[in-house]
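# Architecture at a glance
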Amino acid sequence: MDHTFHLPNSGHNFDAKSSKLGMWLFLYTELLLFGGLFLVYMVYRELNSEAFLLASFKLNVWMGTFNTVLLITSSMTIAMSITALQKGNKKLSVNLMWLTIIAALGFLVVKYFEWGAKFEHGLVPGMEHYDTLPMGERLYFYLYFFMTGLHGLHVIIGAIFILFVIRGVNKGTVTPERYSLSENAGLYWHLVDLVWIYLFPLFYLIH
Amino acid sequence: MSDNNNVHISSYKEHFSTWAALILLTFMTVAVSVFGAELRTLSVATAMIIATVKATAVGYYFMHIKYDPKIYKWMMGTVLALFTFFMIMLTIDYLTR
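Now for a look at the structure at hand.

Parameters and conventions
- Residues numbered from 1 in each chain as written.
- Chains lettered and ligands numbered in written order.
- Predicted model: local features only at pLDDT ≥ 70, side-chain atom pairs only at ≥ 80, totals over all residues.
- Heavy atoms only, no water.
- Contact = heavy atoms within 4.5 Å.
- Salt bridge = Lys/Arg side-chain N within 4 Å of Asp/Glu carboxyl O.
- Polar contact = N/O pair within 3.5 Å; in protein donor to acceptor, adjacent residues only side chain to side chain.
- Helix = DSSP H or I, 4+ residues; strand = E, 2+ residues; numbered from the N terminus.
- Buried < 20%, exposed > 50% of the residue type's maximum accessible area, 1.4 Å probe, protein only.
- Axes fitted to C-alpha atoms, helices over the stretch in contact; angles between N-to-C directions.
- Parallel < 35°, antiparallel > 145°, perpendicular 65-115°, else oblique.
- Nonpolar A, V, L, I, M, F, W, Y, C, P; charged D, E, K, R; others polar.
- Left-handed = near helix turned anticlockwise from the far one by under 90°.
- Expected span 1.5 Å × (residues − 1).

### Examining the interface of chain B and chain A
Across the contact, 45 residues belong to chain B and 52 residues belong to chain A. Where chain B touches chain A, the interface holds 1 salt bridge. Where D68(B) meets K20(A), a salt bridge forms, and the shortest distance between an N and an O atom there is 2.9 Å. Where chain B meets chain A, there are 10 residue pairs in polar contact (both at pLDDT 80 or more).

The structure is reproduced here in structure tokens:
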């Protein structure tokens, strides 16, 4: 470490440690954002356990399971893409990132069909049939759409983030020596997986 | 940490093992939930414990916390403690109404 004073250079200052720390700080706020929603769920479930139980049978467990497998697998591919980049295998890294994006799109397609079925059955807040449901079931579907919706938004943002990393690798701004952007995109994507790990059993599985 | 040559690189094998463990736990939870639905075997507590094991594996291996500086563990611990505090306060509030 030399102590000579450096004038700000052409704007290409690079500090991987700070960038990672910043990413993590952001992820902590994300955890608390979803955490707050989980607390809302916890209270309403406690107050309406029978209604939540009945409503949970209206979800498709197999679609949920398929999406869980997709997210876990994409979490692995993005983690492997960072390993590949660190080892200098750019091509493999980019391919693994494309696989992750394909999994993200697959997740959204399944969600589209799942939500579509709910629209058909009138289970969406604001629809006529929804208004006739008992209070507990209305709360369940309200939370279902809000929480999986917010999670879905994160899936979209995560996929776009990974696209930027692919662009960076192709342009040469993300390299085996400067992989911090790919690492941060990976962290964000794992958060998406992390939230789903709790959403899936809470909405689909606990009968 | 690009300025550091002895940075830890997770192996493909480790990522694959983490994936296999996560998939196994997922199918276990689904199986108990679907085939034991009549018995209501999957309690909230069991499901949350399994989910937490999965989340820990994701954080530890995929998110690299295991090999990162300790500060990330401490910060994560702080956030979890904060969340637990909220949860306890909320529970006390509801139980004493």
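### Side note on the side chain of T77(A)
Residue and element names in this part refer to chain A. Within the secondary structure layout, T77 lies in helix α3 (residues 61–86). Given the relative accessible area of 8%, T77 is considered buried. Beyond its immediate sequence surroundings of up to four residues, T77 is in contact with L96, L99 and T100.

### Notes on the packing of α3(A) against helix α1 (residues 12–35) of chain B
For the pair α3(A) and α1(B), interaxial distance at closest approach is 9 Å and the crossing angle is 170 degrees. One way to sum up the angle between α3(A) and α1(B) is to call them roughly antiparallel. Across the interface between the two elements, V61(A), W62(A), T65(A), T68(A), V69(A), I72(A), T73(A), M76(A), A79(A), M80(A), T83(A) and A84(A) from α3(A) touch Y12(B), H15(B), F16(B), W19(B), L22(B), I23(B), T26(B), F27(B), V30(B) and V34(B) from α1(B). Across the contact of α3(A) with α1(B), the residue classes tally to 16 nonpolar, 6 polar and no charged.

### What about the packing of helix α4 (residues 90–120) of chain A against helix α6 (residues 135–171) of chain A?
All names here are of chain A. Across the interface, α4 lies against α6 with an axial gap of 10 Å and an inter-helix angle of 160 degrees. Taken as axis vectors, α4 and α6 run roughly antiparallel relative to one another. Considering only the axes of α4 and α6, their crossing is left-handed. Among the residues making up the contact of α4 with α6, the classes are represented as 19 nonpolar, 6 polar and 4 charged.

### Quick word on helix α3 (residues 70–95) of chain B
When the terminal C-alpha atoms of α3(B) are compared, their 37 Å separation across 26 residues agrees well with the 38 Å that a helix rising 1.5 Å per residue should span. Those residues of α3(B) that sit buried are Y72(B), M75(B), M76(B) and V79(B). The inward-facing, buried residues of α3(B) contact α1 (16–47) of chain A.

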